[in-house]
Amino acid sequence: MSSIPTPDALATELKEDAADTRPVILIANRGEIAVRIIAAAKRIGASPVLAASVIDADSPAARMADRVVVIGASPAGASYLRPEQVAQAAVNVGAAAVHPGYGFLSEQPHLAELLAEEGIAFVGPRPETLRAVGDKGSARKVAIAANVPVAAGVEIDDVDDVQALVALGNGIGYPLLIKAIHGGGGRGIRLVENSEQLAVLVPQAAAEALGAFGNGALYLERYYGSARHVEVQVFGDGEGGVQIFGDRDCSVQRRHQKLIEECPAPGLTDVRRKILHDASRALVIALKYRGAGTVEFLVDTLSDDVVFLEVNARIQVEHPVTEEAFGVDLVAAQLRLALGLDPELPDVPPVPPATVIELRLNAEDPNEDFRPNSGDITAVSWPRGPGIRVDTQIEAGYRFPLYYDSLMAKLIVRAHNRDAAVAAIASAAANTRIEGIKTTLPMHHFVLAHPDFIRGQVPTSWFAPVWENHSNGATS
Amino acid sequence: MSADTNPSWQDLLDLVTQLNDSNYESASVQFGNVSVRLSNVAGFQDGGAAVSAPVAALAALAAPVAAAPVGIAVTPLAAAPVAAPAAVVPVGDRIDAPMIGVFYRRPSPGAPAFIEPGDHVEADTTIGIIEIMKLMNPITAGKAGVITVFLAEDAAAVEFGQGLAMITVDAS
């Protein structure tokens, strides 16, 4: 196993091209994030090696990497979701570190542990951190212990005790959410309107949670029906040191999937922003968090409440808006930290000097209920101009595979304030052309021209009814 | 079988047989003080047509799942050391690595190889082992015939789909 080089040694190596002693970074992911990590690895003078499935072995990301190692068959369950196969690939290529990207194995403690046994760095938090924030119950406990505001909630002792359930429900008020304590992401959540529904849905939810998460424990939580999704970008040194890189608003969502993100979150008062940033800082310090992470909150539009949602212990899809707003490279910082180097991140003010907006372009047909599609991309043309960034792996001739998620590209635009950024992203979207398969671009044209979005501060419940009205109008 | 006794080989085979038809990715079973780890890797043989349940769930958006190209030979982009037997022109069918790992031609260091070139094998004859994260996976010939050449060296790192050996299949 190669030892981790010191900064000086690394610098020396960069000058000498002869012997390739660059640390090897294995990228255990695909698509645009694989491209992004490969670029960061090159930027810091490391050698990127891609762990790919069969179908991705000749992808644009594969061609950018120094080397490709095929870890398994095309379905993610036979390749990208297999910790043993990824860890073995890391051993075979002599990796110093493995970057898991987002999704797949990025928050799986098992991969981190397998790598630790081999003396290979996992680019992410420690396994115990992944466990502590990996399920809703323990994340909530960690948050409460760090004085982070959480939604009023209570654990259920007996799912069949109707009287006790009704009392718990009345204590919180309706509507409320049933959540699986061991659930994660958007899974294991049910909305309840009244006590009759509660008595029926709780035993069902317990049975489902038992099946899905191996544990049927549930809790009830207050539901915020008109809240914004605001999240804080953090970077921890692993020893209790923390840097905050502002906030992002990701409230334009469809079925809990983010469509558009921006930095900074618009219209936050200084007081609210301070609550969000201070709570995130306290949480990261309490966890001795290592590397890049995101603390997600709901910011209520009907009250002054701000409540903790969850910690995403990885780089996120929407990290570019933060990078562009503050002029930092979060992925390079992750890699440097994992290699034992200074992440080289500056201290930044709470609000960046620019506004950045990102659109996610998905291979889905917005006029057919967002049905995913795959196939040959025949032509691609990206907008050009100041402040425009495109994170993607698609190109003309690329066959978009059906095995994985539908993200094709992220279009990111920076401008001096929000009005200018909204105008700039609308113009950039209008000058984007992808032919061969249907994309969500038409949906973006609609949202970017909508007065509510232009005004800003829409809640997460905004998109669904507005889009439905639009679609009905379009077809009738 | 008693929980206090160690399993016999037959116990383990029974376990594998039992689990063979069920959907799981990995299983860990404790027999007394022996712990057994099993991993069920989907789509080994056909590169993805036979997907396991968890895979099917992921791919459900786009059913039916198209079969991936079968037995693609993928060569690392950078100049990886090419296996030695360049002088031999490989003939017959290629036996591919069904998983990433380290390929061993012998059961333990110094022991005779399972198979030497020129040996006749049956479909279920073990021609080597692939180790993945300390898990030893016997690799069988898959077809009856004569192994003509090994494409992967003993103790070589191999990728999914990489050629291990060539076999001249028996005329039927």
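Here the structure is a predicted model, which means the values were calculated and not measured.

What counts and how
Residues numbered from 1 in each chain as written. Chains lettered and ligands numbered in written order. Predicted model: local features only at pLDDT ≥ 70, side-chain atom pairs only at ≥ 80, totals over all residues. Heavy atoms only, no water. Helix = DSSP H or I, 4+ residues; strand = E, 2+ residues; numbered from the N terminus. Buried < 20%, exposed > 50% of the residue type's maximum accessible area, 1.4 Å probe, protein only. Contact = heavy atoms within 4.5 Å. Areas by Shrake-Rupley, 256 points an atom, 1.4 Å probe, with all protein chains shown as cover. Pairing = 2+ DSSP bridges. Axes fitted to C-alpha atoms, helices over the stretch in contact; angles between N-to-C directions. Core = buried A, V, L, I, M, F, W, Y, C linked by side-chain atoms within 4.5 Å. Disulfide = S-S within 2.5 Å. UniProt positions renumbered as here; feature names shortened; annotations may be inferred. Domains from an automatic or database assignment. Patch = residues over 30% accessible without salt bridge, like charges linked within 9 Å, V, L, I, M, F, W, Y side chains within 5 Å. Salt bridge = Lys/Arg side-chain N within 4 Å of Asp/Glu carboxyl O. Lys, Arg positive; Asp, Glu negative; His and termini not counted. Charge placed at Lys NZ, Arg CZ, Asp CG, Glu CD. Phe/Tyr/Trp six-rings, centres within 6.5 Å; stacked < 30°, edge-to-face > 60°. Lys NZ or Arg CZ within 6 Å of the ring centre and 35° of its normal. Parallel < 35°, antiparallel > 145°, perpendicular 65-115°, else oblique. Left-handed = near helix turned anticlockwise from the far one by under 90°. Nonpolar A, V, L, I, M, F, W, Y, C, P; charged D, E, K, R; others polar.

Let us look at the overall build of chain B. Of the regular secondary structure elements, chain B holds two helices and ten strands. Counting from the amino terminus, chain B carries its helices and strands in the arrangement α-β-β-α-β-β-β-β-β-β-β-β. Going through the 172 residues of chain B one by one, you find that 35% of them count as buried. Nonlocal contacts in chain B, meaning residues at least 24 apart in sequence, comprise 57% of its contacts between residues at least 6 apart. As displayed, chain B offers around 9,500 Å² of accessible surface, 58% of which is attributable to carbon and sulfur atoms.

Residue and element names in this part refer to chain A. Ordered by their spatial adjacency, five strands build an open sheet running E3-E2-E1-E4-E5, and the pairing between neighbours is parallel. A strand with exactly one partner marks an edge of an open sheet, and here the two such strands are strand E3 (67-72) and strand E5 (121-122). On top of the sheet, helix H12 (residues 330-338) reaches strand E1 (24-27), strand E4 (97-99) and E5; it is set at about 155° to E4, its chief contact.

The next subject is the nonpolar core. Judged by nonpolar contacts, the single largest core of 116 residues is most densely connected at Leu26, Leu50, Leu283, Phe297 and Phe308 of chain A together with Ile127 and Ile147 of chain B. The dominant element in this core, judged by the number of residues it contributes, is helix H2 (residues 31-43) of chain A, at seven residues. Counting 35 residues, the second largest nonpolar core, distinct from the first, contains Leu359, Phe400, Ala428 and Phe446 of chain A.

All names here are of chain B. Strand order in this open sheet of four strands is E3-E10-E8-E5, and the pairing throughout is antiparallel. Pairing within the sheet leaves two strands with one partner each, and these edge strands are strand E3 (93-96) and strand E5 (120-121). Two elements, strand E8 (residues 145-150) and strand E10 (residues 163-169), share five bridges in a ladder whose sense is antiparallel. Across the sheet, the residue bridging to Gly145 is Val169, located in E10.

Once that is clear, we can look at the state of the cysteines. Residue and element names in this part refer to chain A. Scanning all chains against the criterion turns up zero disulfides over all chains. With no disulfide of its own, Cys250 lies 9.7 Å from the sulfur of Cys263, the closest cysteine sulfur. The exposure class of Cys263 is buried, given its relative accessible area of 0%.

As a further point, take the UniProt feature "domain: Lipoyl-binding" (unreviewed entry) in chain B. As recorded in UniProt, the feature "domain: Lipoyl-binding" (unreviewed entry) lies at residues 95-167 of chain B. Secondary structure across residues 95-167 of chain B divides into 0% helix and 48% strand, with the first and last C-alpha atoms of the span separated by 7 Å.

What the domain assignment reports for chain A is domain 1 (7-123), domain 2 (152-222) and domain 3 (227-471). Between the C-alpha centres of domain 1 of chain A and domain 2 of chain A there is a distance of 40 Å.

Attention now goes to helix H11 (residues 319-326) of chain A. Residues and elements named next belong to chain A. Of all eight residues in H11, seven are buried, a share of seventy percent or more. Every buried residue of H11 is accounted for by His319, Pro320, Val321, Thr322, Glu323, Ala325 and Phe326. Where H11 terminates, the next one or two residues include Gly327, which has phi positive at roughly 70°.

In this section: a negative patch on the surface. Residue and element names in this part refer to chain A. Together, Asp157, Asp158, Asp160 and Asp161 make up a negatively charged patch on the protein surface. When you line up the elements, Asp160 lands in the loop between strand E6 (153-155) and helix H8 (162-172). A relative accessible area of 55% places Asp160 in the exposed class.

Before going further, it helps to spend a moment on the pattern of salt bridges. Residues and elements named next belong to chain A. Within this structure, the stated rule accounts for 44 salt bridges over all chains. Between Asp305 and Arg222 there is a salt bridge, and its shortest N-O distance comes to 3.3 Å. On the criterion of sequence distance, the pair formed by Asp305 in the loop between strand E13 (290-300) and strand E14 (306-312) and Arg222 in strand E9 (residues 218-222) is long-range, its members being 83 residues apart. Its salt-bridge partner being Arg399, residue Asp376 comes within 2.8 Å of it at the nearest N-O pair.

Right, let's get into H12 of chain A. All names here are of chain A. Of all nine residues that make up H12, eight are buried, and the element is covered over most of its length. The set of residues buried in H12 consists of Leu330, Val331, Ala332, Ala333, Gln334, Leu335, Arg336 and Ala338. Backbone geometry just downstream of H12 places Gly340 in the positive-phi region, at approximately 80°.

Quick look at the packing of aromatic side chains now. Applying the stated rule across the entire model yields eleven aromatic pairs over all chains. On the numbers, 5.0 Å between centres and 20° between planes, the contact of Tyr80 of chain A with Phe104 of chain A is stacked. Placement of Tyr80 of chain A in the loop between E3 and helix H4 (83-92) and of Phe104 of chain A in the loop between E4 and helix H5 (109-117) is noted, with a sequence separation of 24 residues between them. Its relative accessible area of 1% is what places Tyr80 of chain A among the buried residues. On the basis of relative accessibility, which here comes to 26%, the residue Phe104 of chain A falls in the partly exposed class. Three or more aromatic residues joined by ring pairs make a cluster, and in this case those are Tyr80, Phe104, Tyr403 and Tyr404 of chain A. Directly above the aromatic system of Phe453 of chain A lies the positively charged group of Arg418 of chain A, at a separation of 5.1 Å from the ring centroid. The ring of Phe150 of chain B has Arg105 of chain B sitting right over it, with the charged end atom 4.0 Å from the ring centre.

Residue and element names in this part refer to chain A. It is at 9 Å that the axes of H2 and H12 come closest, and there the two elements cross at 60°. Here H12 runs oblique to H2, going by the angle between their axes. Note that H2 runs across H12; the crossing there is right-handed. Residues Arg36, Ile37, Ala40 and Ala41 of H2 form the contact with H12, whose own contacting residues are Leu330, Val331, Ala332 and Leu335. Considering only residue class, the contact of H2 with H12 consists of seven nonpolar, no polar and one charged.

Residue and element names in this part refer to chain A. In this structure, Ala143 sits in helix H7 (residues 136-145). For Ala143, a relative accessible area of 0% gives the class buried. C-alpha of Ala143 to C-alpha of Val380: the two residues are 237 residues apart in sequence and 45 Å apart in space. With near-sequence residues (within four places) excluded, Ala143 lies in contact with Val148, Val150, Leu283 and Phe308.

To continue, consider unusual backbone geometry. Residue and element names in this part refer to chain A. Going from Tyr174 to Pro175, the amide bond is cis rather than trans, its omega being -5°. In this fold, Pro175 is placed in the loop between H8 and strand E7 (176-180). The omega angle of the peptide bond from Cys263 to Pro264 is 0°, so this bond is cis rather than trans. Although it is not a glycine, Phe104 sits at a positive phi angle of roughly 40°. Non-glycine residue Phe370 carries a positive phi angle of around 60°. As for its position among the elements, Phe370 is in the loop between strand E16 (364-365) and strand E17 (371-372).

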